[in-house]
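# Inside the fold
So the chains spell out like this:
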Amino acid sequence: ESHANQQITTQTQAESFLHKLDEENDNMYIFSIGKSVKYGFDIPIVFFTKSDLSGCTTLEQVAQKLNKDGLPNIGYKAQMHGDEHAAGEGALNVIKLLDKDESSYLLDAVNIFVIPRMNPDGAYKCKRNMITAIDASFSNRDPNRDMLALNIIEQRHYLNAIQLLDPVAELD
């Protein structure tokens, strides 16, 4: 029996970690791009910006503010494949680094957003593929094969965020 779940950050731990960092940083904001379908996990998106997003309650409001501030948006998404835990753990470390005061100079030039775990259901089950889809024939499909077809709901959440935020660059 695999004990991989005991060696990685759980979704609950990741969200607690993010909220703790958010309490300590005026330039960090946490929102959601949506929920995973199978287990209903939140898919957080973390923003680092000098724009005040504290009054925003939706991703649409965030995008309006960021798109008005004149700075380019740069994105980073991780762990599209649930069994690639190093990507999600790495994204949490990038967030931790961006949370430090010595990184705040970056925000004079850009807004940064990070989606640390695109596939929380797959991460929970240690499965490469997205577990659910709009059409049952697409369930358990590799998310890389669905980027344009958009049969996987989590991919639709992601596309919505990208269309709203219009990043000049995005890392995966």
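Residues numbered from 1 in each chain as written. Predicted model: local features only at pLDDT ≥ 70, side-chain atom pairs only at ≥ 80, totals over all residues. Heavy atoms only, no water.

What follows concerns the overall build of the chain. The helix and strand tally for the chain stands at five helices and five strands. Listed by position from the N terminus, the elements making up the chain come as α-β-β-α-β-α-β-α-α-β. By the burial criterion, 47% of the 172 residues in the chain qualify as buried. Of the contacts made within the chain by residues no fewer than 6 positions apart, 61% connect residues no fewer than 24 positions apart. Accessible surface computed for the chain: about 8,800 Å², of which carbon and sulfur atoms make up 50%. (Helix = DSSP H or I, 4+ residues; strand = E, 2+ residues; numbered from the N terminus. Buried < 20%, exposed > 50% of the residue type's maximum accessible area, 1.4 Å probe, protein only. Contact = heavy atoms within 4.5 Å. Areas by Shrake-Rupley, 256 points an atom, 1.4 Å probe, with all protein chains shown as cover.)

Counted residue by residue, strand 1 (residues 28–35) has six buried out of eight residues, so it is predominantly covered. When strand 1 meets strand 2 (residues 42–48), the two strands line up antiparallel, connected through six bridges. The residue bridging Lys35 from the neighbouring strand is Asp42, located in strand 2. (Pairing = 2+ DSSP bridges.)

Moving on, we come to helix 3 (residues 85–98). Over its 14 residues, helix 3 extends 20 Å from the first C-alpha to the last, a length consistent with the 20 Å expected when each residue adds 1.5 Å. Of all the positions in helix 3, only His85, Gly88, Ala91, Leu92, Ile95 and Leu98 are classed as buried. Across the axial projection of helix 3, the buried residues extend over an arc of 150°, all falling on one side. In this structure, the buried residues of helix 3 make contact with helix 1 (11–24), strand 1, strand 2, strand 3 (73–77), strand 4 (111–115) and helix 4 (120–125). (Expected span 1.5 Å × (residues − 1). Arc of directions from axis to C-beta.)

This part is about the packing of helix 2 (residues 59–68) against helix 5 (residues 153–165). Close contact between helix 2 and helix 5 brings their axes to 9 Å; oriented N to C, the two are set at 30°. Taken together, the axes of helix 2 and helix 5 are roughly parallel relative to one another. Facing Leu59, Glu60, Ala63, Leu66 and Asn67 of helix 2, the residues of helix 5 in contact are Asn160, Ala161, Leu164 and Leu165. Here the contact of helix 2 with helix 5 is composed, by residue class, of six nonpolar, two polar and one charged. (Axes fitted to C-alpha atoms, helices over the stretch in contact; angles between N-to-C directions. Parallel < 35°, antiparallel > 145°, perpendicular 65-115°, else oblique. Nonpolar A, V, L, I, M, F, W, Y, C, P; charged D, E, K, R; others polar.)

As a general feature of sheets, a regular strand has side chains that alternate between the two faces. A large share of strand 2 lies buried, amounting to seven of its seven residues. In strand 2, alternate side chains face the same way, and those of Asp42, Pro44, Val46 and Phe48 on one face and Ile43, Ile45 and Phe47 on the other are all buried. The hairpin formed by strand 1 and strand 2 contains six residues between the paired strands, and Gly40 there has a positive phi angle of roughly 70°. In this structure, strand 2 lies alongside strand 4, joined through three bridges in antiparallel fashion.

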